[in-house]
Amino acid sequence: MSVLVKICGLKTPGMVDAALDAGADMLGFVFFAKSPRHVTLDAAAALGARVAGRARKVALTVDADDAALDAILAALSPDLLQLHGKESPARVAEIAARTGTPVMKALGVETRADLAAAADYAPHCASLLFDAKPPKGAVLPGGNGLPFDWTILADYDPGVPWMLSGGLTPANVAEALRRTKAPGVDVSSGVESAPGVKDAGLIRAFVAAARDA
């Protein structure tokens, strides 16, 4: 089975078209005002309409309340909610049940011990995403362009589908996949020419490298 590829942090029609044309399976839209990849509800609605069933739409949120989630669902109609904050397992379960939308919980990883949290979240998630822990004092919970020790995930099975994120680029994604056997990869800053500015060439190269791996 081919590896799933998610391009996250898309903000413009050109970025969306580049990801679609490259063959990405999932397109991520960030709803977090502190991020350079943040999109408004109106922008998300317009961008989501361009996808037209060619890929799965993912809404990334950070500790969003019910009102914010409702607004995002109404604007984007995402296929998946990516929870990238400090949401508890109970909150994840509540969101999944309340919205009827599959949830992917992001978990920060630095050591093998950090994987223990996955057991608490897996029963309530459609999937998990393992990302590098943000550096101390970082404003963003993800998209910091930092990798972690991929060998931590070697031969690891959380019991649900999962994706690898954190510092991935066209140059290293094949090695990351070789080491982790991840069923999916998620990239944001690794295909940018500047924070929040996606590069079509890098997107194409990333998708191609992941597929070839």
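Residues numbered from 1 in each chain as written. Predicted model: local features only at pLDDT ≥ 70, side-chain atom pairs only at ≥ 80, totals over all residues. Heavy atoms only, no water.

**Describing the overall build of the protein chain**
Along the protein chain, the regular secondary structure elements total 7 helices and 10 strands. Taking 17 Å as the expected radius of gyration for a compact globule of 213 residues, we find that the protein chain reaches 16 Å, a close match to that expectation. The dimensions of the protein chain, computed from C-alpha atoms along their principal axes, are 40 × 40 × 35 Å. Counting over 213 residues, the protein chain shows a buried share of 51%. (Helix = DSSP H or I, 4+ residues; strand = E, 2+ residues; numbered from the N terminus. Rg over C-alpha atoms; globule rule 2.2 N^0.38 Å. Buried < 20%, exposed > 50% of the residue type's maximum accessible area, 1.4 Å probe, protein only.)

**Examining the packing of helix H3 (residues 66-76) against helix H4 (residues 89-99)**
Running from N to C, H3 and H4 point in directions that differ by 45°, and their axes come no closer than 12 Å. Taken together, the axes of H3 and H4 lie oblique to each other. Here H3 runs over H4; the crossing is right-handed. From H3, Asp-66, Leu-69, Asp-70 and Leu-73 reach across to H4, where they touch Arg-91, Ile-95, Arg-98 and Thr-99. Among the residues forming the contact of H3 with H4, the class breakdown is 3 nonpolar, 1 polar and 4 charged. (Axes fitted to C-alpha atoms, helices over the stretch in contact; angles between N-to-C directions. Parallel < 35°, antiparallel > 145°, perpendicular 65-115°, else oblique. Left-handed = near helix turned anticlockwise from the far one by under 90°. Contact = heavy atoms within 4.5 Å. Nonpolar A, V, L, I, M, F, W, Y, C, P; charged D, E, K, R; others polar.)

**Notes on helix H1 (residues 13-22)**
Of all the positions in H1, only Met-15, Val-16, Ala-18, Ala-19, Leu-20 and Ala-22 are classed as buried. Looking at the buried positions of H1, the neighbouring elements they touch are strand E1 (4-8), strand E2 (26-31), helix H2 (41-51), strand E10 (197-198) and helix H7 (200-212). With its phi angle positive at about 95°, Gly-23 sits one or two positions after the end of H1.

**Quick word on the packing of aromatic side chains**
Counted by the stated rule, this structure contains 2 aromatic pairs. When the centroid spacing of 5.8 Å and the interplanar angle of 75° are considered together, the rings of Phe-130 and Tyr-156 count as edge-to-face. Separated by 26 residues along the polypeptide, Phe-130 in strand E6 (residues 127-132) and Tyr-156 in the loop between E6 and strand E7 (162-164) bring together distant segments of the chain. Each member of the pair, Phe-130 together with Tyr-156, is buried. On the basis of an interplanar angle of 70° and a centroid distance of 5.7 Å, the ring pair of Phe-130 and Trp-162 is categorised as edge-to-face. Taken as a pair, Phe-130 in strand E6 and Trp-162 in strand E7 lie far apart in primary sequence, 32 residues in all. The class of Phe-130 is buried, set by a relative accessible area of 0%. In this structure an aromatic cluster arises from ring pairing among Phe-130, Tyr-156 and Trp-162. (Phe/Tyr/Trp six-rings, centres within 6.5 Å; stacked < 30°, edge-to-face > 60°.)

**Focus: the pattern of salt bridges**
Using the criterion set out here, one finds 14 salt bridges in the structure. Residue Asp-186 pairs with Lys-6 through a salt bridge whose shortest N-O separation is 3.1 Å. Here Lys-6 lies in strand E1 and Asp-186 lies in strand E8 (residues 184-187), a separation of 180 residues in the sequence. Here the two residues Asp-186 and Lys-6 agree in accessibility, since each one is buried. Between Glu-192 and Lys-198 there is a salt bridge; the shortest N-O distance is 2.6 Å. (Salt bridge = Lys/Arg side-chain N within 4 Å of Asp/Glu carboxyl O.)

Read these as layout, nothing more, since geometry by itself doesn't imply function.
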